[in-house]
Amino acid sequence: MDYLGELIIIAVVAGVINNYVLHYFVGICPFIGVSRRVDMAFGMGCAVTFVISIAAILSWTFTYFILREGAPVTAWIWQVFGGDPATPISLEILNYIVYIFVIASSVQFVEMYLRKFFPHLYKSFGVYLPLITTNCAILFACLMIMKHVVGAGNVWGAEPHVWGIGQAVTEAFFGGAGFTIAIVIMAGIREELDHCDVPKPLRGAGITLIVAGILALAFMGFMGVDRGLAGLLK
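Residues numbered from 1 in each chain as written. Predicted model: local features only at pLDDT ≥ 70, side-chain atom pairs only at ≥ 80, totals over all residues. Heavy atoms only, no water.

> Looking at this structure, I do not really get the overall build of the protein chain. What am I missing?
What the protein chain contains, in helices and strands, is 11 helices and zero strands. Start at the N end of the protein chain and walk to the C end: the helices and strands fall as α-α-α-α-α-α-α-α-α-α-α. When the backbone C-alpha atoms are referred to their principal axes, the protein chain occupies close to 70 × 45 × 35 Å. The burial tally for the protein chain puts 43% of its 234 residues in the buried class. Summarising the internal contacts of the protein chain: among those between residues at least 6 apart in sequence, 74% fall at separations of at least 24. Carbon and sulfur atoms form 71% of the exposed surface of the protein chain, whose accessible area is close to 12,300 Å². In the protein chain, the 12 positive side-chain charges and the 14 negative ones have mean positions that sit 11 Å from each other. (Helix = DSSP H or I, 4+ residues; strand = E, 2+ residues; numbered from the N terminus. Buried < 20%, exposed > 50% of the residue type's maximum accessible area, 1.4 Å probe, protein only. Contact = heavy atoms within 4.5 Å. Areas by Shrake-Rupley, 256 points an atom, 1.4 Å probe, with all protein chains shown as cover. Lys, Arg positive; Asp, Glu negative; His and termini not counted. Charge placed at Lys NZ, Arg CZ, Asp CG, Glu CD.)

Here's what the structure looks like:
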């Protein structure tokens, strides 16, 4: 499979088939808490997609050049200080710490940048940006990238290999797009539920979780699409 075909497979899998919210159940807090209105849900989804893409670029850069075993920057520093070039150096134990700092700093940088240069956009996203720091979907995207850089993961129809920056950004961007799709669908349903006679014990979080479960079952209907698409792209 060529490079473009692999990117298409990654995009479809991350955005629809293995939707972060409805398949892996990450990012549930904003999915439940900010899905009362469609406009709020769409704003949160766009903000998450923007930040998750920046975090993906930074996390891939740190993982590929510094953290993974045999990373060029780490190996060069090790040799400068007199280390044995034949000894493999790995800083993978620091992955979680580095990713958390990357996410937090990305959110702060984006917030300051928007406040300085795009005040109107900041007024739209400013309410949601601080909440993104605790959105575990962004950390999950970083860990997915780490798996395919450190562990050299695989997609349908492709040999195991280390992901480049293109695959990492595609995974993160379409993972955020899938999050946006899921939260906007949920917001639309919840707006309609306000006009329905929901039993009192199920009002609020109860009926929301039931709807989320039904949406997860619906998205299971896309399972296997990646196999067929990989066959067509060959």
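Still more ground to cover, so stick around.
> What is the right way to look at helix 8 (residues 136-150) in this model?
Owing to its 3.6 residues per turn, the α-helix aligns residues three or four sequence positions apart on the same side. Between its terminal C-alpha atoms helix 8 stretches 20 Å, which fits the 21 Å expected from 15 residues at 1.5 Å a residue. The buried count for helix 8 comes to 11 of 15 residues, which makes it a mostly enclosed element. When we look at burial in helix 8, the residues that qualify are A137, I138, F140, A141, C142, L143, M144, I145, M146, H148 and V149. For helix 8, the secondary structure elements touched by its buried residues are helix 3 (38-67), helix 5 (95-117), helix 7 (129-132) and helix 9 (165-193). Two or three places before A137, at the opening of helix 8, N135 has a side-chain oxygen 3.0 Å from that residue's backbone nitrogen. (Expected span 1.5 Å × (residues − 1). Polar contact = N/O pair within 3.5 Å; in protein donor to acceptor, adjacent residues only side chain to side chain.)

> What am I meant to see in the packing of aromatic side chains here?
The relation between two aromatic rings is expressed through the spacing of the ring centres and the mutual angle of the planes. In this structure the tally under the stated criterion is nine aromatic pairs. Aromatic pair W60 and F65: ring centres 5.8 Å apart, planes at 90 degrees, arrangement edge-to-face. Ring geometry for Y113 and F117: centres 5.0 Å apart, planes at 45 degrees, overall tilted. Placement of both Y113 and F117 in helix 5 is noted, with a separation of four residues, approximately one turn of the helix. (Phe/Tyr/Trp six-rings, centres within 6.5 Å; stacked < 30°, edge-to-face > 60°.)

> Please clarify how the side chain of N18 should be interpreted in this entry.
Tracing the backbone through its elements, the reader meets N18 in the loop between helix 1 (3-17) and helix 2 (28-33). Not counting residues up to four positions away in its chain, the partners in contact with N18 are V13, H23, Y24 and M223.

> What's the story with the layout of surface pockets in this structure? I'm lost.
In this structure, the second largest pocket spans a volume of roughly 180 Å³. Forming the boundary of the second largest pocket are R36, R190, L193, D194, C196, D197, V198, R203, G204, I207 and T208. Residue composition of the lining of the second largest pocket, grouped by class: four nonpolar, two polar and five charged. (1 Å grid on protein atoms, 1.4 Å probe; cavity = no way out; pocket = protein on both sides within 12 Å on 5 of 7 lines; lining within 4 Å. Points joined across faces, edges and corners; volume = space filled by probe spheres on them. Nonpolar A, V, L, I, M, F, W, Y, C, P; charged D, E, K, R; others polar.)

> Would you take a moment to explain helix 1 for this structure?
Taking 1.5 Å of rise per residue, 15 residues should cover 21 Å, and helix 1 covers 20 Å from first to last C-alpha, within 8% of that figure. Those residues of helix 1 that fall on the buried side of the exposure criterion are G5, E6, L7, I9, I10, A11, V13, A14, G15 and I17. In the core, the buried residues of helix 1 are packed alongside helix 9 and helix 11 (225-233).

> Is there a simple way to explain the packing of helix 5 against helix 8 in this structure?
Pairs of packed helices are described in terms of their axes, by the angle between the two and the distance that separates them. Running from amino to carboxyl end, helix 5 crosses helix 8 at an angle of 135 degrees, the nearest separation of the two axes being 10 Å. One element, helix 5, and the other, helix 8, form an angle in the oblique class. Considering only the axes of helix 5 and helix 8, their crossing is right-handed. Packed against helix 5, whose contacting residues are N95, Y96, Y99 and I103, the element helix 8 presents I138, L139, C142, L143 and M146 at the interface. Looking at the contact of helix 5 with helix 8 residue by residue, the classes come out as eight nonpolar, one polar and no charged. (Axes fitted to C-alpha atoms, helices over the stretch in contact; angles between N-to-C directions. Parallel < 35°, antiparallel > 145°, perpendicular 65-115°, else oblique. Left-handed = near helix turned anticlockwise from the far one by under 90°.)

> What am I meant to see in unusual backbone geometry here?
Backbone geometry at F25 places phi at a positive 60 degrees, although glycine is not the residue there. When you line up the elements, F25 lands in the loop between helix 1 and helix 2.

> How do you make sense of the confidence of the model for the protein chain when you look at a structure like this?
Of all residues in the protein chain, 94% have pLDDT values of 70 or greater, and the mean over the chain is 85. Mean pLDDT across the elements of the protein chain bottoms out in helix 6 (residues 119-125) (74) and peaks in helix 9 (93). (pLDDT = per-residue confidence, 0-100.)

> What is the right way to read the pattern of salt bridges from this model?
Opposite charge on two side chains permits pairing when their charged atoms draw close. Counted according to the given criterion, the structure contains two salt bridges. D39 serves as the salt-bridge partner of R37, at 3.2 Å between the closest nitrogen and oxygen. Using a relative accessible area of 41% as the deciding quantity, one classes R37 as partly exposed. In this structure, E111 and R115 form a salt bridge, with 3.6 Å as the shortest nitrogen-oxygen distance. Here E111 pairs with R115, and both are found in helix 5, just four residues apart, close to one helical turn. (Salt bridge = Lys/Arg side-chain N within 4 Å of Asp/Glu carboxyl O.)

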